[in-house]
Amino acid sequence: MRAGRARITFVSLALLIFAGGECKQFNKSIVFEKLLKVGGSTFGGVVRRIGRKYNLSGVYDGWPRQGHRHNRTPPAEPFVYANHGDLPEVKGEQFKILLVRTPDERQISYFYHMRVTRFNYSDDEDSMLEGVMRHNYRQCALKQPTREKLKEKYDFIAITERFDESVLLLKFLLPGLTLRDLLYIKAKDSSKVYTSHQKNFASLPPKVRQFFASEKFKFASKCQWEIWRIANQMIDERISKIDNFSLELLHFRRMVQKAERECFSQESLKDCFWQDNGCGVRCLDNLDLTSY
């Protein structure tokens, strides 16, 4: 524990050194492995916002993955990558991030986003059951995950259900970041304009809840659940080494709430780093944070 606190103190010292201006000496690419329906567009916006802070290339770019019909040469390293598909080859150093979500919530989100919103499907019991059973809920970032394998592959694993905690932890993992650098407005908010209003888990139809409780689903999504479990443990451990994290989290959440109130608009949703990643750029840059 003492060694852990020493590391955080060192990072805090770096924050003091870089505070108050752009941090131009971060020479690592930031690679965000963006899975489907984990809140990746919102988190990708945060990653791009951080990339802009570090003057990384690729912030405003959606440069496609290998094999895409519009494929072209990636931007120069160090770059920021926050997109679906095959991850880019990085020759230099990189800081690699994964965002995970419980597989049942991913299924529900996919059903509403892809079927109800885009193709106007009904969300009655039979339609929802057929929809959640068809989506590939076996998709997993790492087969047979262990703590050691995950730590070797990723520098940080964020969790959708602990979104603000995850975003705030980046302040202690990367140099020179302020709370403003981490602000966001949600890319797809089921209570606002992008997606149809999504049911919470408790209000799902009985057959759908039974499917998620079935041994078939548990077995098929076992890999995802294990990564999610390990990631929760690692986040708890990181937070335990940071003094006054809960207080800083309270301040950050209040800032995010103010950002949502004042920056979520049709105009701001057109002012994004790329597509729906990191919208409300100018509003968040100029948001008054003297009171929130």
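Before any of the text, the structure's been laid out above.
Now for a description of the structure that goes with this document. (Residues numbered from 1 in each chain as written. Predicted model: local features only at pLDDT ≥ 70, side-chain atom pairs only at ≥ 80, totals over all residues. Heavy atoms only, no water.)

## Some thoughts on the overall build of the chain
Then step 1. Helix and strand content of the chain: 11 helices and four strands.
Then step 2. Out of the 292 residues in the chain, the part that is buried amounts to 51%.
Then step 3. A sequence separation of at least 24 residues applies to 75% of the contacts in the chain between residues at least 6 apart.
Then step 4. When the accessible surface of the chain is split by element, carbon and sulfur atoms take 50% of a total near 15000 Å². (Helix = DSSP H or I, 4+ residues; strand = E, 2+ residues; numbered from the N terminus. Buried < 20%, exposed > 50% of the residue type's maximum accessible area, 1.4 Å probe, protein only. Contact = heavy atoms within 4.5 Å. Areas by Shrake-Rupley, 256 points an atom, 1.4 Å probe, with all protein chains shown as cover.)

## Digging into empty space enclosed by the protein
Then step 1. Inspection of the entire model under this criterion finds four cavities of 30 Å³ or more.
Then step 2. Of the voids in this model, the largest cavity is the one considered here, and its volume is about 80 Å³.
Then step 3. Along the walls of the largest cavity sit 15 residues, with Gly 45, Tyr 184, Ile 185, Gly 278 and Cys 279 positioned nearest its centre.
Then step 4. The biggest single contributor to the lining of the largest cavity is helix H2 (residues 40-53), with five residues.
Then step 5. Per-class residue counts for the lining of the largest cavity are eight nonpolar, four polar and three charged. (1 Å grid on protein atoms, 1.4 Å probe; cavity = no way out; pocket = protein on both sides within 12 Å on 5 of 7 lines; lining within 4 Å. Points joined across faces, edges and corners; volume = space filled by probe spheres on them. Nonpolar A, V, L, I, M, F, W, Y, C, P; charged D, E, K, R; others polar.)

## Re the pattern of salt bridges
Then step 1. Taken as a whole, this structure holds 11 salt bridges when the rule is applied.
Then step 2. Glu 237 serves as the salt-bridge partner of Arg 147, at 2.3 Å between the closest nitrogen and oxygen. In this pair, Arg 147 is assigned in helix H5 (residues 147-153) and Glu 237 in helix H9 (residues 222-240), connecting sequence segments 90 residues apart.
Then step 3. Across the salt bridge formed by Glu 248 and Lys 171, the nearest N and O atoms sit 3.0 Å from each other. With Glu 248 in helix H10 (residues 245-263) and Lys 171 in helix H6 (residues 163-173), the pair connects residues that are 77 residues apart, well separated along the chain.
Then step 4. Taking relative accessible area as the criterion, Lys 171 reaches 12% and is therefore assigned buried.
Then step 5. One network of salt bridges, in which partners are shared, links Arg 49, Arg 52 and Asp 285. (Salt bridge = Lys/Arg side-chain N within 4 Å of Asp/Glu carboxyl O.)

## What to know about unusual backbone geometry
Then step 1. For the peptide bond that leads from Glu 77 to Pro 78, omega is -5°, which places it in the cis range.
Then step 2. Locating Pro 78 in the fold gives a position in the loop between H2 and strand E2 (80-83).
Then step 3. The backbone phi angle of Lys 37 is positive, close to 55°, even though this residue is not glycine.
Then step 4. Position of Lys 37 among the secondary structure elements: in the loop between strand E1 (29-33) and H2.
Then step 5. The backbone of Gln 144 shows a phi angle near 50°, a positive value even though the residue is not glycine.
Then step 6. Note on placement: Gln 144 falls in the loop between helix H4 (125-134) and H5.
Then step 7. Judged by relative accessible area, which is 65%, Gln 144 ranks as exposed.

## Regarding the pairing of E1
Then step 1. Within E1, five of the five residues are buried, which leaves it mostly tucked inside the rest of the structure.
Then step 2. Taking every second residue as pointing to the same face, both faces of E1 are buried, with Ser 29, Val 31 and Glu 33 on one and Ile 30 and Phe 32 on the other.
Then step 3. Bridging between E1 and strand E3 (residues 94-100) involves five bridges; their strand directions are parallel. The residue of E3 that forms the bridge with Val 31 is Lys 96.
Then step 4. Across four bridges, the pairing between E1 and E2 is parallel. (Pairing = 2+ DSSP bridges.)

## Observations regarding the nonpolar core
Then step 1. Counting residues in each nonpolar core, the largest one holds 65 residues, and the members touching the most others are Ile 30, Phe 43 and Leu 170.
Then step 2. With residues near it in sequence (within four places) discarded, Ile 30 still touches Val 47, Ile 50, Tyr 54, Leu 56, Phe 79, Val 80, Tyr 81, Phe 95, Ile 97 and Leu 174.
Then step 3. Among the nonpolar cores identified, the runner-up in size contains 12 residues, and Leu 129, Leu 204, Val 208 and Phe 217 belong to it. (Core = buried A, V, L, I, M, F, W, Y, C linked by side-chain atoms within 4.5 Å.)

## A closer look at the state of the cysteines
Covalently bonding the sulfur atom of one cysteine to the sulfur atom of another cysteine gives a disulfide.
Then step 1. Scanning the entire structure with this criterion turns up two disulfides.
Then step 2. Here Cys 263 is linked by a disulfide to Cys 283, with a sulfur-sulfur distance of 2.0 Å. Looking down the S-S bond of the Cys 263 and Cys 283 bridge, the torsion is -80°, so its handedness is left-handed. In this pair, Cys 263 is assigned in helix H10 and Cys 283 in helix H11 (residues 281-286), connecting sequence segments 20 residues apart.
Then step 3. Classification of Cys 263 as buried rests on a relative accessible area of 0%.
Then step 4. On the accessibility criterion, Cys 283 (23% relative accessible area) is partly exposed. (Disulfide = S-S within 2.5 Å.)

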